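Observations on the three-dimensional arrangement
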Amino acid sequence: MFWLEMFGIFACSISGTVLAKHKNFDVFGCILVAMIAAISGPTARDIILDRYPLFWMVNMNYLLIITISSVGFQMFCNPKARHVDGLLKLFDGLALAIFTLIGIQVAQEMGANIPICILLGVLNILFGGVIRDMLCNEIPLVLQREIYVTAAIIGGVLYFALEGMGVTSWIKESCTLMTIFVIRMLAVRYDWHFPDIGLMKKHSL
Amino acid sequence: MFWLEMFGIFACSISGTVLAKHKNFDVFGCILVAMIAAISGPTARDIILDRYPLFWMVNMNYLLIITISSVGFQMFCNPKARHVDGLLKLFDGLALAIFTLIGIQVAQEMGANIPICILLGVLNILFGGVIRDMLCNEIPLVLQREIYVTAAIIGGVLYFALEGMGVTSWIKESCTLMTIFVIRMLAVRYDWHFPDIGLMKKHSL
Amino acid sequence: MFWLEMFGIFACSISGTVLAKHKNFDVFGCILVAMIAAISGPTARDIILDRYPLFWMVNMNYLLIITISSVGFQMFCNPKARHVDGLLKLFDGLALAIFTLIGIQVAQEMGANIPICILLGVLNILFGGVIRDMLCNEIPLVLQREIYVTAAIIGGVLYFALEGMGVTSWIKESCTLMTIFVIRMLAVRYDWHFPDIGLMKKHSL
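Nothing here was measured: the structure is a model prediction, and the numbers come from that model.

What to know about the interface of chain A and chain C
Contacts between the two partners involve 33 residues from chain A, matched on the other side by 36 residues from chain C. Buried surface at the junction of chain A and chain C, both sides included, amounts to about 3100 Å², of which 72% is carbon and sulfur. The tally of links between chain A and chain C comes to zero salt bridges. Inspection of the chain A/chain C interface yields two residue pairs in polar contact (both at pLDDT 80 or more). Mapped onto the side of chain A that touches chain C, the elements with two or more residues apiece are helix H2 (27–49), helix H3 (55–58), helix H4 (61–76), helix H5 (82–109) and helix H6 (114–135) of chain A. The dominant element in the side of chain A that touches chain C, judged by the number of residues it contributes, is H2 of chain A, at seven residues. Partitioning the side of chain A that touches chain C into residue classes produces 23 nonpolar, six polar and four charged.

What follows is the structure, encoded as structure tokens:
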């Protein structure tokens with residue numbers, strides 16, 4: 001679990017750095033956007049759950065990995081290179097799966113009920129991305145017509161379904177991670193969108 | 001009071017859904033914007049007052065009513081219909097009155113003094129609307145030249161004036177609600193703006 | 001220290017009012033933006049540190065000085081006057097120095113370690129400015145290619161270097177304030193930018 005979490009933090013840090021570079025932020029601006037992208041979701045989750053001290057204040061590894069990965073990316077990578085975009089989508093899908101699972105588990109530990117756990121799982125990954133996009137003055141992509149929140153919610157429901165069936169912990173976790181990641185990757189690959197549920201397009205209210 | 005609060009939540013949820021629909025967010029994106037519009041104001045109020053656990057984590061009715069109203073609106077209403085805009089303004093005025101009153105009362109229960117109570121009353125309704133507009137990449141309308149914050153502040157001052165005069169609780173509450181709602185509706189109807197207080201327009205500093 | 005803090009609050013309040021005026025917000029909208037610019041940084045710092053009750057709820061001087069300075073500026077100053085821009089830059093540099101120092105000292109009192117103290121010092125001044133710019137739908141200038149965060153970090157490192165050397169408290173504080181302020185003013189005067197650290201501009205990843 002620890003390595004998964006670190007990888008999720010790393011992926012969010014890179015996504016923040018790439019967007020900040022595109023907006024011409026300077027070195028420390030990029031590091032700050034990377035930190036915001038990576039830790040503001042879990043921070044919002046912890047503040048909502050009244051869970052203190054915050055995880056990144058106790059364990060310095062989080063801030064260290066964000067700083068190193070952001071500086072490293074800025075030094076050695078060209079954000080306009082061909083491979084970056086595909087790699088980012090892959091990282092993003094992994095971060096979505098990892099953060100959702102961690103959010104659900106933390107909320108469960110704090111005694112929250114099932115809908116709140118799923119909501120905090122979604123918040124755990126979404127909040128950082130939304131703030132990152134707002135900082136860069138863009139409409140948050142994750143809220144638009146992409147299977148992003150949807151994948152997280154399906155994974156969350158599956159998690160509690162498997163728990164209800166008494167499945168072993170590691171199988172439950174792997175299934176949730178895999179399901180979220182595969183749905184997200186398929187959505188990106190085949191450009192899936194969630195259908196509009198409006199029934200009254202042709203009529204006025 | 002419970003029904004008033006539920007109605008306020010419902011009104012904010014619809015306003016969030018309408019704006020998110022205009023921005024082409026998908027079903028879950030709209031639900032999330034509705035949740036943010038409806039509960040982030042009271043959540044900010046509770047975090048500032050250190051009042052835990054948060055109200056929507058204890059009582060699931062809040063999230064339920066937001067989800068149902070957002071999905072229902074998306075299914076059965078056309079946000080571009082003629083009636084929607086007028087209805088929204090009405091709902092918005094009611095939500096302004098209800099949330100301001102609730103914010104004031106919660107802050108008062110927590111032992112805050114009068115200016116803080118009024119500020120938290122304003123924050124209670126404003127924060128959700130501001131975050132909703134920021135998410136959709138628009139300048140928050142409520143901060144611009146409309147009698148919105150002004151109505152809430154007048155209502156708050158009236159509330160404490162009536163309290164100082166020893167008026168019965170339900171009369172005090174009804175007067176506050178009515179005053180805020182009527183001022184806001186008149187401002188919308190007659191396009192009132194707060195006058196500019198600058199005295200030095202023609203001169204340099 | 002108290003007067004320094006009040007001056008920092010005053011400077012942030014003026015900067016919020018000027019930006020809000022440019023965006024045509026009304027009187028109360030300007031006051032709210034001024035409050036957000038001045039107290040949301042320290043509020044975020046206190047929420048992250050779980051330090052309750054919040055400073056502006058205990059001591060009403062903060063909100064009072066913000067309201068008076070914002071209303072006074074709106075009444076007596078013309079934000080388009082020639083002198084305002086230079087004055088703002090000066091105030092902004094002073095606020096940067098003061099808020100960074102206060103943020104570091106508060107975090108230190110709460111027992112945070114050195115990197116967290118510096119991060120909270122930066123957050124203390126940055127958060128208000130970022131939210132202010134986001135409210136007004138602009139890309140936060142402070143994150144772009146200006147020596148702003150950089151000056152705060154240099155000041156923070158100097159603070160702990162002097163502390164490690166056992167320097168008296170008031171010398172340590174004055175040196176930190178002066179260093180941040182001078183670096184920022186020189187950066188504004190000579191249009192310094194932090195160099196790009198990318199090594200791979202010409203190559204793909």
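So, next bit.
Section: the relation of the copies chain C and chain B
Rotating chain C by 120° and moving it 0.0 Å along the rotation axis overlays it on chain B with an RMSD of 0.0 Å. The superposition of one copy onto the other is thereby described by a three-fold rotation axis. Different-surface contact between copies: only 9% of interface residues of chain C are shared with the interface of chain B.

Points about the interface of chain C and chain B
Listed per partner, the contact involves 32 residues of chain C and 36 residues of chain B. Both sides of the chain C and chain B interface together cover about 3000 Å² of buried area, and 72% of this is carbon and sulfur. Between chain C and chain B we count zero salt bridges in total. Here chain C is connected to chain B by two residue pairs in polar contact (both at pLDDT 80 or more). Of all the secondary-structure elements, those providing two or more residues to the side of chain C that touches chain B are helix H2 (27–49), helix H3 (55–58), helix H4 (61–76), helix H5 (82–109) and helix H6 (114–135) of chain C. Among the elements that take part in the side of chain C that touches chain B, H2 of chain C stands out by supplying seven residues, more than any other.

Details of the UniProt feature "domain: Glycine transporter" (unreviewed entry) in chain A
The positions UniProt marks with the feature "domain: Glycine transporter" (unreviewed entry) are residues 3–72 and 90–162 of chain A. The span residues 3–72 of chain A shows a helical share of 84% and a strand share of 0%, and its end C-alpha atoms are spaced 19 Å apart.

Let's talk about the UniProt feature "transmembrane region" (unreviewed entry) in chain A
Per the UniProt record, the feature "transmembrane region" (unreviewed entry) sits at residues 25–42, 54–76, 88–107, 113–135 and 147–171 of chain A. The span residues 25–42 of chain A is 89% helix and 0% strand, and its two end C-alpha atoms sit 24 Å from each other.

Side note on the packing of aromatic side chains
All told, the structure shown has 18 aromatic pairs over all chains when counted by the stated rule. Measuring from ring centre to ring centre gives 4.9 Å for Phe 55 of chain A and Tyr 62 of chain A, while their planes differ by 90°; the resulting arrangement is edge-to-face. Ring geometry for Phe 7 of chain C versus Phe 10 of chain C: centroids 6.0 Å apart, planes at 45°, classification tilted. Of the two residues, Phe 7 of chain C and Phe 10 of chain C are both situated in helix H1 (residues 2–22); the distance of three residues between them amounts to about one turn of the helix. With relative accessibility at 27%, the residue Phe 7 of chain C sits in the partly exposed group. Judged by relative accessible area, which is 26%, Phe 10 of chain C ranks as partly exposed. If you follow Arg 45 of chain C out to its NZ or CZ, it ends over the ring of Phe 55 of chain C, 5.9 Å from the centre.

Let's talk about the packing of H6 of chain A against helix H7 (residues 149–164) of chain A
All names here are of chain A. Two elements in contact, H6 and H7, have axes separated by 10 Å at closest approach and are oriented at 140°. Comparing the axis directions of H6 and H7 gives the class oblique. Along this stretch, H6 crosses H7, giving a crossing that reads as right-handed. In contact with Ile 114, Cys 117, Ile 118, Val 122 and Leu 126 of H6, H7 contributes Val 149, Ala 152, Ile 153, Gly 156, Val 157 and Phe 160. Taken together, the residues of the contact of H6 with H7 sort by class into 10 nonpolar, one polar and no charged.

Looking at the relation of the copies chain A and chain C
Two copies of a chain can be linked by a rotation about an axis combined with a shift along that same axis. For the pair chain A and chain C, the relating rotation is 120°, the translation along its axis is 0.0 Å, and the fit reaches an RMSD of 0.0 Å. Looking at the interface residues of chain A, only 9% of them are also at the interface in chain C, so each copy uses its own face.

Regarding the environment of Asp 46 of chain A
Residue and element names in this part refer to chain A. Relative to the helices and strands, Asp 46 resides in helix H2. Of the residues examined, Asp 46 reaches a relative accessible area of 0% and is grouped as buried. Separated by 22 residues in the primary sequence, Asp 46 and Ile 68 have C-alpha atoms spaced 24 Å apart. In contact with Asp 46, other than residues within four places in its own chain, are Arg 51, Leu 54, Phe 55 and Val 106.

The rules behind these values
- Residues numbered from 1 in each chain as written.
- Chains lettered and ligands numbered in written order.
- Predicted model: local features only at pLDDT ≥ 70, side-chain atom pairs only at ≥ 80, totals over all residues.
- Heavy atoms only, no water.
- Contact = heavy atoms within 4.5 Å.
- Buried area = accessible area lost by both parts, 1.4 Å probe.
- Salt bridge = Lys/Arg side-chain N within 4 Å of Asp/Glu carboxyl O.
- Polar contact = N/O pair within 3.5 Å; in protein donor to acceptor, adjacent residues only side chain to side chain.
- Helix = DSSP H or I, 4+ residues; strand = E, 2+ residues; numbered from the N terminus.
- Nonpolar A, V, L, I, M, F, W, Y, C, P; charged D, E, K, R; others polar.
- Least-squares fit on C-alpha atoms with pLDDT ≥ 70 in both.
- UniProt positions renumbered as here; feature names shortened; annotations may be inferred.
- Phe/Tyr/Trp six-rings, centres within 6.5 Å; stacked < 30°, edge-to-face > 60°.
- Buried < 20%, exposed > 50% of the residue type's maximum accessible area, 1.4 Å probe, protein only.
- Lys NZ or Arg CZ within 6 Å of the ring centre and 35° of its normal.
- Axes fitted to C-alpha atoms, helices over the stretch in contact; angles between N-to-C directions.
- Parallel < 35°, antiparallel > 145°, perpendicular 65-115°, else oblique.
- Left-handed = near helix turned anticlockwise from the far one by under 90°.

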